[in-house]
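Each chain, letter by letter, is given below.
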Amino acid sequence: MKRLDVREFQKMIENASKIIIANEPYLTEIDTVIGDGDHGIGMKRGFSALCRMLEKQEFYEVDSLCKAVGIELVKSMGGASGVIFGTMFIGGLSKLPHENSCSLNQIAAYFEEGEKAIERRGKAGAGQKTMLDALIPAVESLKRSAGLEEEMEGAFLKACNAALEGVKASECMESKIGRSKNFREAAIGLPDPGAVSTSLIFKAFYEELIKEQ
Ligand code: ADP
Ligand code: MG
C-alpha cells in the first residue's frame, strides 16, 4: 500500500485505543514503581473517550481525523501525558493534507513535527527516559522508509520495532524528568511507561494495517 486512506487510519487509531485500554494494568504497574502510578489510568481514560468519539464519528480528511484525536486526548486525559500524547497527534497537523488519504512522506513528516512539538513543550530530549525514547526512533524509521519509498505496511512494521527497541533502551536509562531521586533509582531496569504506551500505539497501528479487510 502506497497511500494511507483516512478510513484505514481511523481504524488504526481505534485499534491503538483498544490496545492501550487493555494494557492499563501493566502501564499502572510500571508507573507505580517509577512514577506516581497514574499513567495507565490517565491513558485508559483518554483512549476510552477517544474510542467512543471514533465509534460515533466518521472522518473524511486525514488532518481532520488527527486534529479531533489530539483534541479528544488533551480534553479527556488531563495532566502531563494528556498534553504529551495530544501533542503527538496535533503538533504535526500542518504536514497532513486536507484529503482522504496521505503518503508515507506526509505521515513521517507529521509524526516528526509532533515529536518536535513534544520536545518543545516538555523541554525533554532523547535519553531522558520518556516516551520520546520510543517516539524518536519510530519517527526516524518512518523517515528512512519514506526516503526508500517503502510500502506503508513495511514502514509501520519497522517503526513499531524501532519503538520497541527504544522501550528496551529506556530500561537502563535514569529518568531526569519530573521524578524524585528515589524514583530515579527504582526506575533503572524498568521501561518508561510513556515509552511503552508509544510502542503499543505503533504496534496497534501495524497490526490493524495488515488485517485482512
Ligand atoms: P504525569 O507525569 O502527569 O504523572 P503520566 O504518569 O500519565 O503523567 O505520564 C508519565 C509519562 O509521561 C512518562 O512515562 C513519560 O514518558 C512522559 N513524560 C513526562 N514528562 C515528559 C516530557 N517532559 N517529555 C516527554 N514525555 C514526558
Ligand atoms: Mg504519572
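Scroll up for the structure.
Residues numbered from 1 in each chain as written. Chains lettered and ligands numbered in written order. Predicted model: local features only at pLDDT ≥ 70, side-chain atom pairs only at ≥ 80, totals over all residues. Heavy atoms only, no water.

## Describing the coordination of the magnesium ion (ligand 2)
Six octahedral donors around a metal ideally sit at 90 or 180 degrees from one another, while four tetrahedral donors ideally sit at 109.5 degrees. Counted only if it meets this: Note that water is not among the atoms considered, so a metal site may appear incomplete; the donors listed are N, O and S atoms within 2.8 Å of the metal, with 3.2 Å applied to Na, K and Ca. For each residue, the accessible area found with a 1.4 Å probe, counting protein chains only, is set against the maximum for its type, and the residue is called buried under 20%, exposed over 50%, and partly exposed in between.
Taken together, Asp31 (OD), Asp36 (OD) and Asp38 (OD) make up the full set of protein donors to the magnesium ion (ligand 2), lying 2.0 to 2.8 Å away. Between consecutive donors of the magnesium ion (ligand 2), the numbers of intervening residues give the motif D-x4-D-x1-D. A relative accessible area of 40% places Asp38 in the partly exposed class.

## Considering the site of ligand 1
Definition in use: If even one non-hydrogen atom of a residue comes within 4 Å of a molecule or strand, that residue is called near it. We define a polar contact as two N or O atoms separated by no more than 3.5 Å, with the added condition that, inside protein, one atom must be a possible hydrogen donor and the other a possible acceptor, whereas residues neighbouring each other in sequence contribute only through side-chain atom pairs. Per-residue accessibility takes into account occlusion by the displayed protein chains alone, with areas from the Shrake-Rupley method and a 1.4 Å probe. Secondary structure elements are defined from DSSP: runs of H or I of at least 4 residues count as helices, runs of E of at least 2 residues count as strands, and each element is numbered from the N terminus.
Close to ligand 1 lie 17 residues; Asp38, His39, Ser81, Met131 and Asp192 are nearest. At 3.1 Å from a nitrogen atom of ligand 1 is found a main-chain nitrogen or oxygen belonging to Gly122. Gly194 has a polar backbone atom sitting 3.0 Å from an oxygen atom of ligand 1. In isolation ligand 1 exposes 560 Å². Once the protein is present, 86% of that is buried. Listed by contribution, the elements that provide at least two residues to the shell around ligand 1 are α5 (79-90), α6 (104-122) and α10 (193-209).

## Notes on the packing of helix α1 (residues 6-22) against helix α2 (residues 24-34)
Our working definition: Each axis is a line fitted through C-alpha atoms, taken for helices only over the stretch in contact, and angles between the N-to-C directions span 0 to 180 degrees. Throughout this description, any angle smaller than 35 degrees is read as roughly parallel, any larger than 145 degrees as roughly antiparallel, any in the 65 to 115 degree range as roughly perpendicular, and the remainder as oblique. Whether two residues are in contact is decided by their heavy atoms: any pair within 4.5 Å suffices. Residues were grouped as follows: Ala, Val, Leu, Ile, Met, Phe, Trp, Tyr, Cys and Pro as nonpolar; Asp, Glu, Lys and Arg as charged; and all remaining residues, including Gly, as polar.
In contact at an axis separation of 4 Å, α1 and α2 are set at 55 degrees when each is read in the N-to-C sense. The angle between the axes of α1 and α2 places the two elements in the oblique class. Where α1 abuts α2, its residues Ile20, Ile21 and Ala22 lie against Glu24, Pro25 and Leu27. For the contact of α1 with α2, the class distribution of residues is five nonpolar, no polar and one charged.

## A closer look at the packing of helix α7 (residues 132-147) against α10
Two packed helices can be described by the angle between their axes and the distance between those axes. As a packed pair, α7 and α10 sit with axes 8 Å apart at the nearest point and diverge in direction by 30 degrees. Contacts between α7 and α10 involve Ala134, Leu135, Ala138 and Leu142 from the former and Ala195, Thr198 and Phe202 from the latter. Grouping the amino acids of the contact of α7 with α10 by side-chain chemistry returns six nonpolar, one polar and no charged.

## Notes on unusual backbone geometry
Even without a glycine there, the phi angle at Lys123 is positive, about 50 degrees. For Lys123, the position within the fold is in the loop between α6 and α7. A relative accessible area of 69% places Lys123 in the exposed class. The backbone of Glu149 sits at a positive phi, close to 55 degrees, despite the residue not being glycine. In this fold, Glu149 is placed in the loop between α7 and α8 (152-171).

## A closer look at the pattern of salt bridges
To keep things clear, this is the line we draw: Any carboxyl oxygen of Asp or Glu that lies within 4 Å of a side-chain nitrogen of Lys or Arg is treated as forming a salt bridge with it.
All told, the structure shown has nine salt bridges when counted by the stated rule. Across the salt bridge formed by Lys2 and Glu151, the nearest N and O atoms sit 3.6 Å from each other. Here the residue Lys2 occupies a position in the segment before β1 (3-5), and Glu151 occupies one in the loop between α7 and α8, the gap between them amounting to 149 residues. A salt bridge links Glu112 to Lys143, with the shortest nitrogen-to-oxygen separation between them at 2.8 Å. With a gap of 31 residues between them, Glu112 in helix α6 and Lys143 in helix α7 connect regions that are remote in the sequence. On the basis of relative accessibility, which here comes to 38%, the residue Lys143 falls in the partly exposed class.

No statement about biological role is implied by the geometric values presented.
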